[in-house]
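Notes for the structure review
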Amino acid sequence: MAVKTFASQADLADKTVRFDRLADGVYAFTTDGDPNSGVVVGENGVLVMDAQATPAMAQDVLRCIREVTDRPVLYLVLSHYHAVRVLGASAYGAREIIASEATRALVRERGQHDFESEVNRFPRLFRDVESIPGLTVPTLSFESALTLTLGGREVRLLHLGRGHTKGDIVAWLPEERVLLSGDLVEYGATPYAGDAYLRDWPATLARLRALKPERLVPGRGAALTSRAAIEEAIEATGRFITRLYEEAAKGVAAGKSLKAVFEESYAALEKDYGRWVIFEHCMPFDVARAYDEASGIEHPRIWTKERDLEMWRALRG
Ligand SMILES: [Zn+2]
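Residues numbered from 1 in each chain as written. Predicted model: local features only at pLDDT ≥ 70, side-chain atom pairs only at ≥ 80, totals over all residues. Heavy atoms only, no water.

Okay, the pairing of strand 12 (residues 215–218) next. Pairing between strand 11 (residues 178–182) and strand 12: four bridges, direction parallel. Bridge pairing in strand 12 links V178 to R215. Regarding the hand of the β-α-β motif, the stretch spanning strand 11, helix 4 (residues 201–209) and strand 12 is right-handed. (Pairing = 2+ DSSP bridges. Helix = DSSP H or I, 4+ residues; strand = E, 2+ residues; numbered from the N terminus. Right-handed = clockwise from strand over helix to strand, strands pointing away.)

Moving on, we come to the packing of aromatic side chains. Scanning the entire structure with this criterion turns up eight aromatic pairs. Of the aromatic side chains, those joined through ring pairs into one cluster are Y192, F285 and W303. Between the NZ or CZ atom of R289 and the centre of the ring of Y197, over which it lies, the distance is 5.7 Å. Here the guanidinium or amino end of R307 rests over the ring plane of W303, the centre of that ring lying 3.5 Å away. (Phe/Tyr/Trp six-rings, centres within 6.5 Å; stacked < 30°, edge-to-face > 60°. Lys NZ or Arg CZ within 6 Å of the ring centre and 35° of its normal.)

This part is about the coordination of the zinc ion. Bound to the zinc ion on the protein side are H80 (NE2), H82 (ND1), H164 (NE2) and D183 (OD), at distances that span 2.1 to 2.5 Å. Within one chain, the residues serving as donors to the zinc ion are arranged as H-x1-H-x81-H-x18-D. With a gap of 82 residues between them, H82 in the loop between strand 5 (73–77) and helix 2 (83–86) and H164 in the loop between strand 9 (153–158) and strand 10 (170–173) connect regions that are remote in the sequence. The same class applies to H82 as to H164, namely buried. (Donors = N, O, S within 2.8 Å, 3.2 Å for Na, K, Ca; no water. Buried < 20%, exposed > 50% of the residue type's maximum accessible area, 1.4 Å probe, protein only.)

In this structure, D32 is a non-glycine residue whose phi angle is positive, near 65°. The phi dihedral of I278 falls on the positive side, at around 55°, and the residue is not glycine. Relative to the assigned elements, I278 resides in the loop between helix 6 (258–273) and helix 7 (279–294).

Interhelical geometry of helix 5 (residues 227–253) versus helix 7 gives an angle of 55° and a closest axis separation of 9 Å. Overall, the two elements helix 5 and helix 7 adopt an arrangement that is oblique. In this structure, helix 5 meets helix 7 at a crossing whose hand is right-handed. Residues F240, L244, Y245, A248, A249 and V252 of helix 5 form the contact with helix 7, whose participating residues are F279, M283, D286, V287, A290, Y291, E293 and A294. Of the residues assigned to the contact of helix 5 with helix 7, the class counts are twelve nonpolar, no polar and two charged. (Axes fitted to C-alpha atoms, helices over the stretch in contact; angles between N-to-C directions. Parallel < 35°, antiparallel > 145°, perpendicular 65-115°, else oblique. Left-handed = near helix turned anticlockwise from the far one by under 90°. Contact = heavy atoms within 4.5 Å. Nonpolar A, V, L, I, M, F, W, Y, C, P; charged D, E, K, R; others polar.)

Encoded structure:
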């Protein structure tokens with residue numbers, strides 16, 4: 001097994017940025033497997049979904065936006081609470097920062113722990129970490145659905161159920177049939193499930209799939225522009241999550257330790273998914289959460305810097 005330390009502490013290479021037009025005024029900011037952002041340009045302003053990790057990194061998104069419009073960013077939408085997607089928020093000067101109620105509660109409850117833990121796990125994803133002014137707190141939140149009109153354009157924000165976190169939302173453009181999925185769907189990238197509801201995630205994906213998007217910006221990986229590629233990405237994400245949970249449930253039922261379940265899950269999943277980016281980074285956290293959920297712990301326990309290290313020690317035995 002190749003796992004030595006947090007796999008991503010040593011991952012320092014910069015990635016290639018793309019800014020692809022998916023429909024009139026709709027763009028995907030993608031980064032070769034790092035967190036993506038989506039951009040929607042309306043008559044009166046711009047909506048951005050997912051801020052990037054730091055204000056310095058958000059400037060990369062803003063530079064791309066400024067190549068296509070000089071309108072202000074009105075709405076910054078947070079797909080969920082993870083630091084790597086929200087802490088660049090201040091760069092946009094948005095009128096509203098929008099998230100689900102559940103995401104707002106999670107920021108309050110565990111945002112600071114998540115910030116410290118994520119920076120420590122994956123320093124490359126927090127370029128110029130000193131530019132972060134503090135936690136990003138949504139200014140507007142909703143329970144299950146919120147429709148925005150951006151000039152003449154409709155953007156529906158939908159909480160389709162628990163999955164990658166308790167509070168994930170997607171942004172759906174019904175006219176253009178474009179979906180910004182956040183981390184509910186990944187493409188060529190390993191789903192991070194350390195804060196997930198693994199048994200709920202497939203049903204949430206089924207609701208997402210029922211929208212029948214024709215373009216999709218996944219949480220990580222290239223923007224998808226065909227129905228076939230979208231189906232494949234949804235299917236592959238769901239299959240990974242299901243297998244991850246089944247492996248853990250099997251081990252828990254047999255009374256095995258976290259270390260044993262991790263080793264067996266890693267061996268079982270590596271063949272099919274080891275080529276996906278951040279596989280090594282995600283697996284310890286994914287298996288730890290799957291093990292908890294299979295043991296009857298409904299809500300993901302808060303990750304702290306200390307718990308990260310404790311888990312690491314347990315896996316190394
Ligand atoms: Zn996430």
